[in-house]
2 protein chains.
Amino acid sequence: MSTPTNSPPLARPARSHKVYRSVEFAGRTLQVPFRRVHLDGAPGQIDLYDSSGPTQPNGTRGLPALRAEWIEPRLKRRDTVPTQLAYARAGIVTEEMAFAAAREGVSSEFVRAEIAAGRAILPANIRHPELEPMLIGRKFLVKINANIGNSAVASDIQEEVAKLQWATRFGADTVMDLSTGKDIHATREAILRNSPVPIGTVPIYQALEKVGGKIEKLGIDEFLRTLEEQAEQGVDYFTIHAGVLLRYVPLTAGRVTGIVSRGGSILARWCLAHHRENFLYTHFDEICALMKRYDVSFSLGDGLRPGSLADANDAAQFAELETLGELTREAWKHGVQVMIEGPGHVPMHQIRENMDKQLALCHEAPFYTLGPLVTDVAPGYDHITSAIGAAMIGWYGTAMLCYVTPKEHLGLPDRDDVRAGVIAYKIAAHAADVAKGHPGARAWDDALSRARFDFRWEDQFELSLDPETARAYHDETLPAEGAKSAHFCSMCGPQFCSMRITEDLRAFAAAQGLSEQQARERGLAEKRAEFERAGGALYV
Amino acid sequence: MSTPTNSPPLARPARSHKVYRSVEFAGRTLQVPFRRVHLDGAPGQIDLYDSSGPTQPNGTRGLPALRAEWIEPRLKRRDTVPTQLAYARAGIVTEEMAFAAAREGVSSEFVRAEIAAGRAILPANIRHPELEPMLIGRKFLVKINANIGNSAVASDIQEEVAKLQWATRFGADTVMDLSTGKDIHATREAILRNSPVPIGTVPIYQALEKVGGKIEKLGIDEFLRTLEEQAEQGVDYFTIHAGVLLRYVPLTAGRVTGIVSRGGSILARWCLAHHRENFLYTHFDEICALMKRYDVSFSLGDGLRPGSLADANDAAQFAELETLGELTREAWKHGVQVMIEGPGHVPMHQIRENMDKQLALCHEAPFYTLGPLVTDVAPGYDHITSAIGAAMIGWYGTAMLCYVTPKEHLGLPDRDDVRAGVIAYKIAAHAADVAKGHPGARAWDDALSRARFDFRWEDQFELSLDPETARAYHDETLPAEGAKSAHFCSMCGPQFCSMRITEDLRAFAAAQGLSEQQARERGLAEKRAEFERAGGALYV
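Cut-off values and rules
Residues numbered from 1 in each chain as written. Chains lettered and ligands numbered in written order. Predicted model: local features only at pLDDT ≥ 70, side-chain atom pairs only at ≥ 80, totals over all residues. Heavy atoms only, no water. Pairing = 2+ DSSP bridges. Helix = DSSP H or I, 4+ residues; strand = E, 2+ residues; numbered from the N terminus. Axes fitted to C-alpha atoms, helices over the stretch in contact; angles between N-to-C directions. Buried < 20%, exposed > 50% of the residue type's maximum accessible area, 1.4 Å probe, protein only. Right-handed = clockwise from strand over helix to strand, strands pointing away. Parallel < 35°, antiparallel > 145°, perpendicular 65-115°, else oblique. Left-handed = near helix turned anticlockwise from the far one by under 90°. Contact = heavy atoms within 4.5 Å. Core = buried A, V, L, I, M, F, W, Y, C linked by side-chain atoms within 4.5 Å. Phe/Tyr/Trp six-rings, centres within 6.5 Å; stacked < 30°, edge-to-face > 60°. Polar contact = N/O pair within 3.5 Å; in protein donor to acceptor, adjacent residues only side chain to side chain. Nonpolar A, V, L, I, M, F, W, Y, C, P; charged D, E, K, R; others polar. pLDDT = per-residue confidence, 0-100.

## Let's talk about the sheet that holds strand S2 (residues 28-38) of chain B
Residue and element names in this part refer to chain B.
Inference 1: Strand order in the open sheet formed by three strands is S1-S2-S3, with antiparallel pairing between adjacent strands. This sheet does not close on itself; its edge strands, each paired only once, are strand S1 (16-25) and strand S3 (45-49). Here the strands of the sheet are splayed against their neighbours by 45° on average, with no regard to which way each runs.
Inference 2: Sheet topology places S2 next to S3; five bridges connect them, and they run antiparallel. Among the inter-strand pairings, arginine 36 is bridged to a residue of S3, identified as aspartate 47.

## Some thoughts on the pairing of strand S11 (residues 338-342) of chain B
Residue and element names in this part refer to chain B.
Inference 1: S11 sits mainly inside the fold: five of its five residues count as buried.
Inference 2: The handedness of the strand S10 (residues 297-300) to S11 crossover, carried by helix H12 (residues 315-334), is right-handed.
Inference 3: Sheet analysis places S11 next to strand S12 (residues 367-370), joined by three bridges and oriented parallel. The residue of S12 that forms the bridge with isoleucine 340 is phenylalanine 367.
Inference 4: In terms of handedness, the path from S11 via helix H13 (residues 351-361) over to S12 forms a crossover that is right-handed.

## Remarks on the packing of helix H7 (residues 203-210) of chain B against helix H8 (residues 220-233) of chain B
Residue and element names in this part refer to chain B.
Inference 1: Between H7 and H8, the shortest axis-to-axis distance is 9 Å and the interhelical angle comes to 120°. Comparing the axis directions of H7 and H8 gives the class oblique. Considering how the two elements wind past one another, H7 and H8 form a crossing that is right-handed. Contacts between H7 and H8 involve Pro203, Ile204, Gln206, Ala207 and Lys210 from the first element and Glu222, Phe223, Arg225, Thr226, Leu227, Glu229 and Gln230 from the second.

## Details of the nonpolar core
Inference 1: Residues Phe298 and Met348 of chain A together with Phe298 and Met348 of chain B are the most contacted members of the largest nonpolar core, which totals 256 residues.
Inference 2: Residue contacts for methionine 348 of chain A: discarding those within four places in its chain leaves Val374, Ile388 and Met392 of chain A together with Ala391, Met392, Trp395, Ala431, Ala432 and Ala435 of chain B.

## Overview of the packing of aromatic side chains
Inference 1: Scanning the entire structure with this criterion turns up 18 aromatic pairs over all chains.
Inference 2: Here tryptophan 70 of chain A and phenylalanine 99 of chain A contribute two aromatic rings whose centre-to-centre distance is 6.0 Å and whose plane-to-plane angle is 55°, an arrangement assigned as tilted. One end of the pair, tryptophan 70 of chain A, is in helix H1 (residues 68-76); the other, phenylalanine 99 of chain A, is in helix H3 (residues 95-104), and 29 residues separate them in sequence.
Inference 3: Relative to phenylalanine 461 of chain B, the ring of tryptophan 457 of chain B has its centre 6.1 Å away and its plane inclined at 40°; by these criteria the two rings are tilted. Taken together, the residues tryptophan 457 of chain B and phenylalanine 461 of chain B, both in helix H17 (residues 457-463) and four residues apart, mark about one turn of the helix. The two residues tryptophan 457 of chain B and phenylalanine 461 of chain B agree in class, both being buried.

## Focus: the pairing of S2 of chain B
Residues in a regular strand project their side chains so that they alternate between the two faces of the sheet.
Residue and element names in this part refer to chain B.
Inference 1: Direction of pairing for S1 relative to S2: antiparallel, over a ladder of 10 bridges. Each residue of the ladder has a partner; that of serine 22, found in S2, is glutamine 31.
Inference 2: What sits between S1 and S2 in their antiparallel hairpin is a turn of two residues, with alanine 26 showing a positive phi close to 50°.

## Section: the sheet that holds strand S7 (residues 174-177) of chain B
Residue and element names in this part refer to chain B.
Inference 1: A barrel is described by the order of its strands in space; here eight strands give the closed sequence S6-S7-S8-S9-S10-S11-S12-S13, paired in parallel fashion. Mean inter-strand twist for the sheet, computed between neighbouring axes without regard to direction, equals 25°.
Inference 2: Relative to strand S13 (residues 400-402), S12 runs parallel, the two sharing three bridges. Among the inter-strand pairings, tyrosine 368 is bridged to a residue of S13, identified as methionine 400.

## Structural notes on the side chain of serine 449 of chain A
Inference 1: Looking at where serine 449 of chain A falls in the secondary structure, it is placed in helix H16 (residues 441-453).
Inference 2: On the basis of relative accessibility, which here comes to 0%, the residue serine 449 of chain A falls in the buried class.
Inference 3: Polar contacts involving the side chain of serine 449 of chain A include one to the side chain of aspartate 376 of chain B, which spans 2.6 Å.
Inference 4: When neighbours within four sequence positions are excluded, serine 449 of chain A is seen to be in contact with Val256, Thr257, Ser308 and Asp376 of chain B.

## Structural notes on the packing of helix H6 (residues 184-193) of chain A against helix H8 (residues 220-233) of chain A
Residue and element names in this part refer to chain A.
Inference 1: Where H6 meets H8, the closest approach of the two axes is 10 Å, and the angle between their N-to-C directions is 30°. Relative to H8, the element H6 lies roughly parallel. Handedness of the H6/H8 crossing: right-handed. Facing His185, Arg188, Glu189, Leu192 and Arg193 of H6, the residues of H8 in contact are Glu229, Gln230 and Gln233.
Inference 2: When its residues are assigned to classes, the contact of H6 with H8 shows one nonpolar, three polar and four charged.

## As for the confidence of the model for chain A
Residue and element names in this part refer to chain A.
Inference 1: Model confidence for chain A is summarised by a mean pLDDT of 89, while 84% of its residues fall at 70 or above.
Inference 2: Residue range residues 519-540 is modelled with pLDDT below 50. Its contacts to residues more than four positions away, or to other chains, number 36 contacts.
Inference 3: Both scores are available for the predicted complex, with the pTM at 0.92 and the ipTM at 0.91.

Dropping the structure here:
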C-alpha cells in the first residue's frame, strides 16, 4: 500500500471547510463546529461531526479558552461538586451539554438525562477551557480515542503535539497522553493547551516516576499529589486501576500472557509486594473527593484485560469487571462521572459476552474498549485485527473505542501510524453507528454512494474519511483532470463500466416514463414492444 | 503507515521453510505442502497451511504437472463426468481429495462426504495439472480469493504473473483473472501454467470482446466457444451470471447504486435489449454439459449484489439468490460442482440474514462473498471496511472470502495493494476459523502469544502473517540485534514492561512451589507471611 505521507498535516482540501453553527443558550451564542462538504449533486451539502478544533497551522501556541466564561460563574458560586453529573442530576443543562447536544443533533434535555443516569459522560475538567465538549455514551455517536505519548526510548514535545493535531484532524474524539519518559509535565501541558478534545492520562505512570521507579514505594499520598498536579493542568479523565484486587492476582498465574496492562501489572506487583489490598481501592473515596473538585472523569482501568485470545473472558477479567461495577456506584455517590475500560484480545464469538456483562455489572456506565483484537497472528496489522472487534463491540453498545496502530506490539507509533489507526477506528465507529441505526448515520454513506454512482469524483473524494488518500489512489491510474468527470474509471474501462450501463438502463426507463412500480404492474411481456420501438441506439 | 515495499517478492525468512509431508494413497506418495516454522520455545515447531506453491523465483516458466499422473488413468477410462462431485457420489476418494484432506488435517472420507453432499467443492480442472488441490466449504478452513487481471487501461502479462505469485505467497487460496484488455488469452495461459491455486474467470468478459463489445450481439454459441477455450486452458471455476433474470432488472431501478457487478450489468442490458430471458439461464443445461467434461466448477455470479449500504438485502438481491438455488440443483444433476457468490456492501446488522438465506435457498452449497463492506465512507481503505464484514460472514459460515484492496472503487491494484488486500483477508479468514472453533485454528494464535510473552521476538516475527513487515516495524524503533532478545520492548521501556513484571510474578510463584490452584486454596491471608519472607529483592 502506498499511502501518501509527505503532504502538509493541516491542509484541508478546498471543497470542504469548517463551519460554526450558532446555538442560542442561556443568553450566550455557542459556536458549534462541523465540517461542511459542498457537493455538486444531492444533497448539495452535508455537515459532518468535526473533532479537529480551531485551525492551528502546526503551532503549539495554545487554543482559545472557549469554556472560560462558562466556567467562571460556577467558580464564583463556589460549587463544591462542579461536575456535569452533579449539574445533570440537579436538572441543570450546562453550556457544555447544549454544545455537545448540538454536535450530536439531539436535545439538550436528552443529553442531561443520559448524563444524570450515568449512561453518558461529558469529560471536561474545569481547568481545560480549550475543550470543545463532547459525549461518550451508547445513545450517542460512537467515539474513538487515540493514544500518544513519549517513552524513555523516543519522541519529544513538539512531536507529541503534532501527533495530537494529526489525530484530531483525522477524527480522534479524545486523546490519551501515555508519556512515561522525561518532561512528562511539560509534554502534558503542551498537549492540554493545544487540545480541543478531552485528554486522558494514566497517573500511576507519573507517580511511579516520582518514587524512582520502585513499585513498592508507591503510596496514596504520592498518588494523590500526582492526581492534583494533573487535575490542575486540566486532564479530563484518569485511568485508575482500582479494580486490580490482591485476590485476583493469582487468577492470572495460568494465563498465556499474564497481565498485559502496564498499570495493571504495576498494581498487581504492589499488592504482592505489600500483601495488602490495592491502595487505589482502599483509598477510592479520597480519589473521588479530589476528582470531583475538577470534574475529572474516571476511566476505571481494566488492569486484568486479556493479552491473547487464550486469556479472553477468563475469571480474572470478569472478577475485575465486577469490582469496577462496585466502584462505579461509589464514584457516582460523589458525583464523579465514570466510564469503564474493557477488552484487549477477544475472538469474535466471545465479544458479545463482554458487552452484556459490562452493562449488567457496571449499571450501564459507558464502556470504553481497546479493540478487541480478534486474532493474535498479525503483528504489523493490528489496526485491522482490532478494527474488526471494535466495529462489532461498538455495534453491541460500546461508547468509545481505543484505537490500535500498526505498530502495536512492535514499537511506538509515528504520525503515519497514528493516521492509520485513527482511520481504521473511524471506520469501525461509523460502521457501528450505522448498524445501531443511529439517526442520520447512514446519510453519509448514502451521499457518498450517490456521488459514486453519478461519477462525481470530487464529491466522492471529499466525502471520504481520508480525502487525500482517496484522491491520490485515483490519480495513480487516471491522473488527468478530465478523468475526474469521466463516466467510467480505471477498474473496468469505458466498455465494461457497470455503473455507466446502469445509468443507461435508468435513462431508458425514464424515457419510457415508467416508475419501478408501474414497470412491474404493466408486466414485462407488454413492455417488450416498447423496448423494441425505443431501438438499439441506447445500447451501443 | 510505512509498509516496506522494495523487498524481493519470493524471499523467505530463514527460520521457516516449505516442507512436504508424505501421504500414502492408492499406491502413490502424495507430497503435501506446509510452511514449517521452527521456534525457540514451545511447541518447537508449527506447520501452517501453505498456498504458495513450488518456489519459483519470479519466473513464468511454468510449474510441474503434479496432477498429470492422477488424471491420466481417468482419461484412459474415458470417464464422461470426471468431476470431483461425480467421484465423491460414487464413493471414490480421488488423489485430489486425499491431498486436500491432508492439508486440512481431516480424513479423506470426510472430504469425500462433504463434496458428495454439495457442501464443499474441490475446484480442479483436468487441464490444470499444476494445481495443488484445495477445498472450499464451511467445514474446512475459510479460504480467500485475490482478483488480478489487466484492463484496457493498464498492466501486462509479466506483471499479472508477478501479482499471482505475490498473492499466493501471502496466502491467497484461489485467484481470479479478471482481465478485459488485449492479450486476454495469453495472459490467462501464463497465469494458469504458473498457478498452484485454482484460477477463476468471468467468461462473459472475453465473450463480449469477441463480439466487439456490442452487448446485444452476445449469444449462447459465442459464449460456449469462449467457455470451451478457457476450459481447455485449465480454468478451474467460471463465474456465470445466470441468475440475472429479465423480471429482476426493474427491481434495481430504485436503487442508489443500481447494478454494480460488471457481469450483472452486461446481462441486464442484454435482457432488456432483446427483451428475452437471460441466455445463460435458458441455456444452462448446455453450459453444465460443457463444464462437466473438464470439471470446471460453477461460481454462480451475484449480478445483482448491492453496491451500497442503501441497496443491501433488497428484493433484487434475494430474488437472484433464489434463482441461484434453483440453478444449483440443475448443476448438481449434471454432476458439476457449485459455489454461490454473494454480498458487496452490507451493514453489520444485515450480514447474518445473507448467510441464513443463502444456506436455506442454495441447499448448503458453499458461499463465496465479496467482503461485505460495512460502510461506504472510506474509499482508499476498503480492504479494512470489507475485512470487518468478511470476518463476520466467515464466522457465520461463508466458505471463501473474495478480497478487496485499498484501490477498490479508485483504481487498479498494484502489487502492494494485492499484498494489503491478501493480508487483510487472511486476518478475516483466520479470525473466522477461530470464532467457528475450527479444530487447531487457535494453536497458531497461542504459539504467537506464547512467543510474545516470552520475548522470543524472532519466533513472534516468523509466526506473523507478514514476517517482513513485523520485523521492519520492530527494527524502526529498536534496530539492534540485541533488542530482539531483550526482555522489554520500545512501547514501555524496561521500567514499565508489564510482561516482564508478570514474568517476575510467575517466577515468584514458582519459587514458592505454588500452583495457581494451591495458591487459591491456601488462602491469601496465609500467604502474606511467605511473601514477606521472600523479601523485596524480587520487586526491584
